[in-house]
Amino acid sequence: MFLSVASAPGKIILAGEHAVVYGRPALAAPLWQSAATCTIEQAETGAGCTLALPDLGQSDLPAAAGDPLWEVARAAVALAGAPTNPDWRITLRSTIPIAGGLGSGAALSAALVRAIFAAAGATVTPEEVSALVYRSEVAYHGTPSGIDNTVIACGRPLWFVRGEPPEFFALGAPLTLLIADSGVRSPTLDAVAAVRRAHEQAPTRIEALLDEIAGTVWALRGALEAGDPRLAGALFDANQTLLAALDVSSPLLERLVGAARAAGALGAKLSGGGRGGNIIALVEAETVAPVQQALTEAGAVRVIRTVVE
Ligand code: PMV
């Protein structure tokens, strides 16, 4: 018997990734074209709770101690007031590529939490979803800033500073973005660790870069609120230059952002942990098709169009 279904979007970081780990602001938006969905069905009495991820070839994820999804499931079951180890068949599906900087892990956890509360007949706030998802983010990548769980739980574009409630802001004009997947899977944990090592070795230089990134984030918020896509594009480019200086870009990512700009994008940058994963290119109606084609020719394995509003 069907009990509940819930979903959660992927996410993109518009600017400020990595610097956000060090207390600087960042801008993020949900990505509804890629989403995670969780379905819960009633199982036979005494069957207990099972968790399947068919898209990942997992028909029965072992309930090993420390598994992030199981940890989140157990915590959500307890908070929702459901009996421990309920007779539920939980199925998680996702169209979000893993380790691509699009928040795949956080979206799976958020869909799971929402479906568990719905199956238990309980309500849950975005803040509660975010707090539960944060636990799995810690397991996935050590010292997360909290931006992924926050934007995915809230489902709205937001301004985020670590440890503070998010601020929502209105865009002066919709933003059309092409999201191009480099096809290279790059764990955020590794990129964040590399930046941490650089920060330990050359704190003054890295702090200066992080401050410069923060400057582009502040300016981008202003450009987005004013509905100025040209300025926003220039700030994407400036942010990308700083991310490359932080050594989280890669030759393939540089080729993709270069191809997007050459084909008429207003600006382009990596999004998320970097060194692989996705880039985002800011386009206008007339440049969608040429930029999409240029990205594919430059090696993108998938290009998604999204509108942030
Ligand atoms: O999960 P990703 O790859 O989108 O990266 C999140 C952004 C980082 O700033 C690199 C890490 C963090 O915890 O904020």
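Presented here is an overview of the structure given in this document. What you see is a predicted model, and the numbers here were worked out from it, not measured in a lab.

1. Here we look at the sheet that holds strand E9 (residues 278–283)
In space, the 4 strands of this open sheet follow the order E8-E9-E7-E10, with antiparallel pairing throughout. Here the strands that pair on one side only, and so sit at the sheet edges, are strand E8 (267–271) and strand E10 (302–308). Between one strand axis and the next, the sheet turns through 25° on average, direction left out of account. Looking at chain direction, strand E7 (residues 175–181) and E10 are connected through 7 bridges and run antiparallel.

2. A look at the pattern of salt bridges
Summed over all chains, the structure comprises 14 salt bridges. Among the ionic pairs, Asp247 bridges to Arg275, the shortest N-O distance being 3.5 Å. You can see Asp247 sitting in the loop between helix H7 (229–245) and helix H8 (251–262) and its partner Arg275 sitting in the loop between E8 and E9, a full 28 residues away along the chain. On the basis of relative accessibility, which here comes to 49%, the residue Asp247 falls in the partly exposed class. You can call Arg275 partly exposed: its relative accessible area is 31%.

Reading guide: rules and limits
- Residues numbered from 1 in each chain as written.
- Predicted model: local features only at pLDDT ≥ 70, side-chain atom pairs only at ≥ 80, totals over all residues.
- Heavy atoms only, no water.
- Pairing = 2+ DSSP bridges.
- Helix = DSSP H or I, 4+ residues; strand = E, 2+ residues; numbered from the N terminus.
- Axes fitted to C-alpha atoms, helices over the stretch in contact; angles between N-to-C directions.
- Salt bridge = Lys/Arg side-chain N within 4 Å of Asp/Glu carboxyl O.
- Buried < 20%, exposed > 50% of the residue type's maximum accessible area, 1.4 Å probe, protein only.

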